[in-house]
Structure formats: structure tokens, C-alpha cells
Amino acid sequence: MNKIAAFLIALATGAGLLMTAPAQAEPVAGKDYQVLQPAQPVPAGKIEVTEFFGYWCPHCNHFENTWEAWSAKQGKDVVIKHVPVAFNNDARLVPYSRIYYALEAMGKLQAKSSKGMSMHARVFDAIHGADRLNIRGTKDEQDKTVGDFAAKEGLDRKAFMDAYNSFSVSSNVSRANQLTEQYRIQGVPTVVVQGKYVVSPDEAGGYVKTVQTLDYLVQQIRAGKM
């Protein structure tokens, strides 16, 4: 047998092995995701997927592109929600939650920022990128930092700060803290499917495995198997 023939046979054999490789194993409860007991209520007729995150969290920043790409692919029966986390109502973290809810109240989360990305993505970028946005100091100092950022991004400074300091935003921050406790969130980012199935990159084995697990859970729920 000449070398070319041997090479072609080896190539064909290798291709056959690839074609007959076992399918990827299904995610396993207790390993790839956790089952929350008791489950939290969700709207009927929809598949609810909730991301618990923090603008302040570098891991959430790294996960954001993967998460946004996955979210964009979901069908109309999937409801995506976001909960900004400020563990234990930590005064150092609350301003970041207020930014999220202020942008939401103004309908500006997906508005184009000074860098062409959404305002939601821009907040991550400003905190973890070259700007190194750091909200600290007294309440007045925090408000100035936040207001300066909003104005730089082309938002109406007064309108943004009115929303940021509003009763409705304060109520949303309190509600987010309640949800964080009810869902027993220990770290972020964490994604909960249908109020019951809890997935985090740390436990799932990375960002790619996380979205694979999310795909599996959504498909199983859609098929009525979970």
C-alpha cells in the first residue's frame, strides 16, 4: 500500500470516528444546575429566564456578550428578566442597581451610547474598561459621579438623576434584594429558569456550558418534560 492510499484510509477512518462520536451528555441536576426548593412562582404560559447580575461584577461583565447572544436567539415564549444584585443591600453596590432601574425607567437600556453600544453594555464598559467608573464617597459625591456619566452619554442629566433618586427606583432596588434572597442567590452571574432551575458559570463549567445547559432546560420545559 502506497503512502497516499494509507493516508486516505486513515483520513476516512478518522472521519468515521468523528461521525460516530457519542452525543454530548445531557446536563445533570445537582451538577450542571441546581433545583430550587421551593420553586418561585412564574407567569403561566411562558418560560421565564431571569439573570441575576451586578454591573460591579467582573464575571458578569465577561458573561454579558455570551448572555446577550443567547437571549437574542430565544423564541417568543421565553421571557427574559434581569435583576441587578446588591447583596445585603450593601451601600457600595446599591448605586449600580439604581443605574439599571433608572435607565429602565427612562426606556434607555437599549439606547445607543457614546460608543455605539447599548447603554446597558456601556455601563459595564465604563466600569470595567478604560473609564474605570467608580461610584464611591458620600451620597452627593456618588450622585455627581453618576450624573456626570449620564450627561457624558448624552442623557438629560436632571431627568436621569430624578429617576435615579425616585421612589419607584428605590422600590425596585428593594424588590431586587427580596428576589435575591428568595432565590437564594449566592453569587453572580446566576440564571434561573422557570423559577426553579439555577445555573451559574462556576457550577456549569464555563460560559459556553452555561448556555448549553440553558438551552437544554428551555427545550425540556417547552416539551413539558420538566
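Everything here concerns the structure above.
Residues numbered from 1 in each chain as written. Predicted model: local features only at pLDDT ≥ 70, side-chain atom pairs only at ≥ 80, totals over all residues. Heavy atoms only, no water.

Colleague: Help me out: how do you make sense of helix H2 (residues 58-72) in this one?
Modeller: Helical periodicity: at 3.6 residues per turn, an α-helix aligns residues three or four positions apart in one direction. Along its 15 residues, H2 runs 22 Å from first to last C-alpha, staying within 8% of the 21 Å computed at 1.5 Å per residue. Bending of H2 peaks at approximately 45° at the position of Glu64. Among all positions in H2, only Cys60, Phe63, Glu64, Trp67, Trp70 and Ser71 are buried. (Helix = DSSP H or I, 4+ residues; strand = E, 2+ residues; numbered from the N terminus. Expected span 1.5 Å × (residues − 1). Bend = angle between axes of the 7 residues up to and from the residue. Buried < 20%, exposed > 50% of the residue type's maximum accessible area, 1.4 Å probe, protein only.)

Colleague: Before we go on, may I ask you to explain the packing of aromatic side chains in this structure?
Modeller: The geometry of an aromatic ring pair comes down to the distance between the two centres and the angle between the two planes. Applying the stated criterion to the full structure yields 13 aromatic pairs. Between Tyr33 and Tyr197 the ring centres are 5.9 Å apart and the planes differ by 80°, which places this aromatic pair in the edge-to-face class. Here Tyr33 is found in the loop between helix H1 (3-19) and strand S1 (34-35), whereas its partner Tyr197 is found in strand S5 (residues 197-199), with 164 residues between them in sequence. Ring centres 5.3 Å apart and planes at 80° place the aromatic pair Tyr100 and Tyr101 in the edge-to-face group. Using a relative accessible area of 4% as the deciding quantity, one classes Tyr100 as buried. (Phe/Tyr/Trp six-rings, centres within 6.5 Å; stacked < 30°, edge-to-face > 60°.)

Colleague: What exactly am I supposed to notice about the side chain of Ser166 here?
Modeller: Summarising the element assignment, Ser166 is placed in the loop between helix H6 (157-164) and helix H7 (167-182). Using a relative accessible area of 17% as the deciding quantity, one classes Ser166 as buried. At 3.2 Å, the side chain of Ser166 and the backbone nitrogen of Val169 are in polar contact. (Polar contact = N/O pair within 3.5 Å; in protein donor to acceptor, adjacent residues only side chain to side chain.)

Colleague: For this particular structure, what's the right way to read the packing of H2 against helix H4 (residues 119-128)?
Modeller: With their axes 10 Å apart at the nearest point, H2 and H4 run at an angle of 150° to one another. When you trace H2 past H4, the crossing you get is left-handed. Facing H2, whose interface residues are Pro58, Cys60, Asn61, Glu64 and Glu68, H4 presents His120, Phe124 and His128. Here the contact of H2 with H4 is composed, by residue class, of three nonpolar, three polar and two charged. (Axes fitted to C-alpha atoms, helices over the stretch in contact; angles between N-to-C directions. Left-handed = near helix turned anticlockwise from the far one by under 90°. Contact = heavy atoms within 4.5 Å. Nonpolar A, V, L, I, M, F, W, Y, C, P; charged D, E, K, R; others polar.)

Colleague: Please clarify how the pairing of strand S2 (residues 47-53) should be interpreted in this entry.
Modeller: Walk down a regular strand and you will see the side chains alternate between the two sheet faces. In terms of burial, S2 is a largely internal element, seven of the seven residues being buried. Burial of the side chains of S2 extends over both faces: Ile47, Val49, Glu51 and Phe53 are buried on one face and Glu48, Thr50 and Phe52 on the other. Relative to strand S3 (residues 78-84), S2 is paired through seven bridges, and the arrangement is parallel. Among the inter-strand pairings, Thr50 is bridged to a residue of S3, identified as Lys81. With H2 bridging S2 and its parallel neighbour S3, the resulting β-α-β unit is right-handed. Sheet analysis places S2 next to strand S4 (residues 190-193), joined by four bridges and oriented antiparallel. Across the sheet, Phe52 pairs through a bridge with Thr190, a residue of S4. (Pairing = 2+ DSSP bridges. Right-handed = clockwise from strand over helix to strand, strands pointing away.)

The values are spatial; any link to function lies outside them.
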